[in-house]
Amino acid sequence: MPGNIIEVSHYTQKYGDFKAVDDISFNVEEGSIFAFLGPNGAGKSTTINTLCTILSKTDGMLKINGNDVAGHKDRVRADIGIVFQESTLDNNLTVFDNLKLHCDFYNVPYEEVKKRIDFALSLVDMLDWKKSVVKGLSGGMKRRVEIARGLVHFPRVLFLDEPTAGLDAQTRANIWEYIRKLQKQKNITIFMTTHYMEEAEICDHLAIIDHGKIAANGTLYDLKRKYSSSVTRIMTGDTAALRGYLDARSVDFKEDGGLITFHSNNTELVLDIASRFKSSITDLEINKGTLNDVYLSITGKEVRS
Amino acid sequence: MRAIKSVLLRSLASFTGDKIRLVFTFITPFFFMFIFSFTMKSAPAGLMQPMNYLLSGIIIMTVFQTALNNSMGIIDDIASGFMKEIIVAPVPRWQISIGQVLASMIIAVIQGLMLLIIGFFIGFRLDPPHVAGLVGVMVLVGFTFSSIGLFLASLTKSSSAFQVMVSVIVLPLTLVSGALIPVTALPSFLKPLFFFNPLSYTASIFRFISLKMENLPVDELIKQGVAFQLGSFIITPQAALLIIVLMSALFFGLCVHRFNEADFSSVKTFKHHH
């Protein structure tokens, strides 16, 4: 059973009288992908900045790998890698020099520097651009270089603040691919913030944050189970029989020709229908609830951005 | 050490990378030297060694201005976002500060040395121990004003604001420091300003060495404008040196403090298209 690499309890952040983050608590299990999902201004980046030691908390306790982020800044800094929302590369240096500088800051053993840079760049398919000056790269490429740089010192936790904001669909899909690959290959813990539903879908564990408070927190699977319902669609030759069955169990359904659609998380019900009406069913489909449903049912609104 | 070295080398590289700025940094003082060497042909009365007086003034002014200006590089780093990469790194804050300060000091001292060499061709007369002394003071002045510059830069919100601040500070400081205009020629209402001016002490020790005044009695030093009487208290060039050392320690400490406290997130950044 892996332990918690990030522990946050009763964390509050105020800017003047405004509470950007209001008494939140959560843990992140080592080796998992954890996502903070919420609209812009919900307090996601504030939390990341405090975890990354560049913002001082107003109240609460935040620990990474057992070290208090306020008390042991240098130990915490050595354990983490960060990809900020906006670019933090030196635009006048080459890709290699940016990563080399990072290795110097994080005291990566000299003899390993080249090997690690090659490894990190190949993970995000940027090895061919090693000698290019950053200034000339596209936004997507820069983001990939930043991800490579964030992990070249082999951090325990990699923070990704809105890793694909502003990127095109193809690049976003690639970056999610890299993130998954990274977690599998290095068993690295990934903490990311996002306001995209599709992006949050790649995580194991999710916290929905809005107005500085955590509205829900759990595994992706549990949240979907709890806050959304699966949609079952059945094509049948004998709609009357199925209608009678569903009415008897007071399940709401919609009928359109031979197609009956209903919401339910009750797997047994669907299995029972399948076995009872085996002969008349021509098609059966179950779709798990989406994160969007979860988000809607928790916050009562679409994600604002 | 590794972090200091990499911060230092990167700052030097970004300075030499900016070719236009590089050219102007090195050309400007030559104009000064050229113009003033003509004016000084008719030396003001009461000044001994007018050429040494003038050249030492120009050199120290150049070193101080360059050091102050070079620190502006960090504003660009803050605006481009790169500063965040530095401040989240597990590097002690004093090492970040010292890397930055040394880089800007090195450029300033190189510039001072170039002027010193040119000076020898147009009439600067010094022996090796005095030259060594001058280089030592240039290093100290470079360090002090790079720290002051870095501290000011860390407080400003944009490079244009910093530039305005520097030009508002630089001209008056230079004029009332005795670097170009002898302090004895200053009107008395400007005297208080003179004593609060870090550059005054810098000019004093620099001039003391370049005019080879170590054998002069104190009252003669006061007459020459390198020692100052403040009531019954006399600030000798040696005391001036101590004042500069204390000042550099103070401002360096303030820089480290800024790097510790600031998250630099309030600085205006240009939105990049991702």
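None of the values given here were measured: they were computed from a predicted structure.

**Student:** Would you mind showing me how to read the overall build of chain B here?
**Tutor:** In terms of regular secondary structure, chain B is built from twelve helices and two strands. Ordered by position from N to C terminus, the α and β elements of chain B give α-α-α-α-α-α-α-α-α-α-α-β-β-α. The C-alpha radius of gyration computed for chain B amounts to 19 Å, which stays within 12% of the reference 19 Å derived for 274 residues, consistent with globular compactness. In terms of principal-axis extent, the alpha carbons of chain B reach across some 65 × 40 × 35 Å. Here the analysis covers contacts within chain B between residues at least 6 apart in sequence; of these, 78% occur between residues at least 24 apart.

**Student:** What exactly am I supposed to notice about the interface of chain A and chain B here?
**Tutor:** Where interface size is quoted, it is often the accessible area lost as the parts come together. Contacts between chain A and chain B engage 33 residues on the former and 22 residues on the latter. Between chain A and chain B, the buried area comes to about 2,500 Å², and carbon and sulfur atoms account for 56% of it. It is I54, R77 and F105 of chain A that lose the most area in chain A upon contact with chain B, and together they represent 27% of the buried surface on that side. For the pair chain A and chain B, the number of links is four salt bridges. Between R2 of chain B and D104 of chain A there is a salt bridge; the shortest N-O distance is 2.9 Å. Remark: the boundary between chain A and chain B carries eight residue pairs in polar contact (both at pLDDT 80 or more). Elements with a contribution of two residues or more to the side of chain A that touches chain B: helix 2 (73-79), helix 3 (95-105) and helix 5 (139-151) of chain A. Per element, the largest residue contribution to the side of chain A that touches chain B is six residues, and it comes from helix 3 of chain A. Of the residues assigned to the side of chain A that touches chain B, the class counts are 16 nonpolar, nine polar and eight charged.

**Student:** Would you mind going over the packing of aromatic side chains with me for this structure?
**Tutor:** How two aromatic rings sit relative to each other is given by the distance of their centres and the angle of their planes. For the coordinates displayed, the defined rule picks out 16 aromatic pairs over all chains. Look at F195 of chain B and F228 of chain B: their rings are 6.2 Å apart centre to centre, the planes differ by 85°, and that puts the pair in the edge-to-face class. Remark: F228 of chain B occurs in strand 1 (residues 228-230) and F195 of chain B occurs in helix 9 (residues 191-195); sequence separation between them is 33 residues. Accessibility assignment for this pair places F195 of chain B and F228 of chain B in one class, buried. Three or more aromatic residues joined by ring pairs form one cluster here, namely F26, F34, F36, F159 and F191 of chain A. Over the aromatic face of F154 of chain A sits the side chain of R116 of chain A, whose NZ or CZ is 4.0 Å from the ring centroid. If you follow R249 of chain A out to its NZ or CZ, it ends over the ring of Y245 of chain A, 3.7 Å from the centre.

**Student:** Would you take a moment to explain the pairing of strand 12 (residues 253-256) of chain A for this structure?
**Tutor:** A regular strand places its side chains so that they alternate between the two faces of the sheet. Residue and element names in this part refer to chain A. Relative to strand 13 (residues 259-263), strand 12 runs antiparallel, the two being bridged by four bridges. Looking across to strand 13, one finds that D256 is bridged to L259. Counted along the chain from strand 12 to the antiparallel partner strand 13, the turn is two residues long, and its residue G257 has a positive phi close to 70°.

**Student:** Mind showing me how you'd approach the sheet that holds strand 9 (residues 205-210) of chain A here?
**Tutor:** Two pairing modes exist for strands in a sheet, parallel and antiparallel, and in both the strands are linked by backbone hydrogen bonds. Residue and element names in this part refer to chain A. What the six strands build is an open sheet, ordered 6-7-8-3-9-10; its pairing is mixed. Either end of the sheet is taken by a strand with one partner, and the two such strands are strand 6 (80-83) and strand 10 (213-219). For this sheet, the mean angle separating the axes of adjacent strands, direction not counted, is 15°. Strand direction decides the pairing type here: strand 7 (residues 157-161) and strand 8 (residues 189-194), joined by five bridges, are parallel. Its bridge partner lying in strand 8, D161 is registered against T193. In this fold helix 6 (residues 169-186) packs onto strand 3 (33-37), strand 7 and strand 8, with an angle of close to 155° to the strand it touches most, strand 8.

**Student:** Looking at this structure, I do not really get the nonpolar core. What am I missing?
**Tutor:** Looking at soluble globular proteins, one finds that nonpolar side chains tend to be buried together. Counting 112 residues, the largest nonpolar core has I6, F26, I64, F159 and F191 of chain A together with F64 of chain B as the members making the most contacts within it. It is helix 7 (residues 128-155) of chain B that provides the largest number of residues to this core, a total of twelve residues. If you look at the next biggest cluster of nonpolar residues, it comprises 49 residues, including V108, L167, A216 and L223 of chain A.

**Student:** What is the right way to read the packing of helix 8 (residues 220-227) of chain A against helix 11 (residues 291-299) of chain A from this model?
**Tutor:** All names here are of chain A. Direction vectors running N to C along helix 8 and helix 11 enclose 60°, while the axes themselves pass 9 Å from each other. In this view, helix 8 runs oblique relative to helix 11, as classed from their interaxial angle. The chirality of how helix 8 crosses helix 11 is left-handed. Mapping the contact onto sequence places L220, L223, K224 and Y227 in helix 8 and L291, D293, V294, S297 and I298 in helix 11. Taken together, the residues that form the contact of helix 8 with helix 11 break down as six nonpolar, one polar and two charged.

**Student:** Looking at this structure, I do not really get the packing of helix 6 (residues 93-121) of chain B against helix 7 of chain B. What am I missing?
**Tutor:** Packed helix pairs are specified by the crossing angle of their axes together with the interaxial distance, meaning the distance between the axes. Residues and elements named next belong to chain B. Running from N to C, helix 6 and helix 7 point in directions that differ by 140°, and their axes come no closer than 8 Å. Taken together, the axes of helix 6 and helix 7 are oblique relative to one another. Once helix 6 is placed against helix 7, the crossing between them reads as right-handed. Each of S97, I98, Q100, V101, L102, S104, M105, V109, G112, L113, L116 and F120 in helix 6 lies in contact with helix 7, whose residues at this interface are V131, L134, V135, M138, V139, G142, F143, S146, S147 and L150. Residue composition of the contact of helix 6 with helix 7, by class: 15 nonpolar, seven polar and no charged.

**Student:** Mind showing me how you'd approach the environment of H257 of chain B here?
**Tutor:** All names here are of chain B. Relative to the helices and strands, H257 resides in helix 12 (residues 237-261). A residue is classified by how much of its surface remains accessible, and H257, at 44% relative accessible area, is partly exposed. When the C-alpha atoms of H257 and P217 are compared, they prove to be 42 Å apart, with 40 residues separating the residues in sequence.

**Student:** Would you take a moment to explain a nonpolar patch on the surface for this structure?
**Tutor:** Together, I20, V23, F24, I27, F31, F34, I35 and F38 of chain B make up a nonpolar patch on the protein surface, roughly 880 Å² of accessible area in all. Its place among the elements puts V23 of chain B in helix 2 (residues 19-39).

**Student:** It is not clear to me how the sheet that holds strand 4 (residues 59-64) of chain A should be interpreted in this structure. Could you clarify?
**Tutor:** Residue and element names in this part refer to chain A. Read across the open sheet, the four strands follow the order 2-1-4-5; overall the sheet is antiparallel. Looking along the sheet, the strands with just one partner apiece sit at the ends: strand 2 (18-29) and strand 5 (67-68). Of the strand pairs in this sheet, strand 4 and strand 5 are connected by two bridges, and their pairing is antiparallel. Bridging across to strand 5, I64 finds its partner in N67.

**Student:** Would you mind going over the state of the cysteines with me for this structure?
**Tutor:** Note on terminology: disulfide describes a covalent bond linking the sulfur atoms of two cysteines. Under the definition given, this model contains zero disulfides over all chains. Lacking any disulfide linkage, C103 of chain A is separated from the closest cysteine sulfur, that of C52 of chain A, by 19 Å.

**Student:** Looking at this structure, how should I read the pattern of salt bridges?
**Tutor:** Any two side chains of opposite charge can pair, given that their charged atoms come close. All names here are of chain A. Under the defined criterion, the tally for this structure stands at 19 salt bridges over all chains. When the shortest N-O distance is used, the salt bridge between D22 and K19 registers 3.7 Å. Overall, D22 belongs to the buried group, its relative accessible area being 18%. When its relative accessible area of 38% is taken as the criterion, K19 is described as partly exposed. For E30, the salt bridge is made with R156, and the minimal N-O distance between the two is 3.1 Å. Of this pair, E30 sits in the loop between strand 2 and strand 3 while R156 sits in the loop between helix 5 and strand 7, placing them 126 residues apart in sequence. Since its relative accessible area comes to 27%, E30 is described here as partly exposed.

Rules behind the numbers
- Residues numbered from 1 in each chain as written.
- Chains lettered and ligands numbered in written order.
- Predicted model: local features only at pLDDT ≥ 70, side-chain atom pairs only at ≥ 80, totals over all residues.
- Heavy atoms only, no water.
- Helix = DSSP H or I, 4+ residues; strand = E, 2+ residues; numbered from the N terminus.
- Rg over C-alpha atoms; globule rule 2.2 N^0.38 Å.
- Contact = heavy atoms within 4.5 Å.
- Buried area = accessible area lost by both parts, 1.4 Å probe.
- Salt bridge = Lys/Arg side-chain N within 4 Å of Asp/Glu carboxyl O.
- Polar contact = N/O pair within 3.5 Å; in protein donor to acceptor, adjacent residues only side chain to side chain.
- Nonpolar A, V, L, I, M, F, W, Y, C, P; charged D, E, K, R; others polar.
- Phe/Tyr/Trp six-rings, centres within 6.5 Å; stacked < 30°, edge-to-face > 60°.
- Buried < 20%, exposed > 50% of the residue type's maximum accessible area, 1.4 Å probe, protein only.
- Lys NZ or Arg CZ within 6 Å of the ring centre and 35° of its normal.
- Pairing = 2+ DSSP bridges.
- Axes fitted to C-alpha atoms, helices over the stretch in contact; angles between N-to-C directions.
- Core = buried A, V, L, I, M, F, W, Y, C linked by side-chain atoms within 4.5 Å.
- Parallel < 35°, antiparallel > 145°, perpendicular 65-115°, else oblique.
- Left-handed = near helix turned anticlockwise from the far one by under 90°.
- Patch = residues over 30% accessible without salt bridge, like charges linked within 9 Å, V, L, I, M, F, W, Y side chains within 5 Å.
- Areas by Shrake-Rupley, 256 points an atom, 1.4 Å probe, with all protein chains shown as cover.
- Disulfide = S-S within 2.5 Å.

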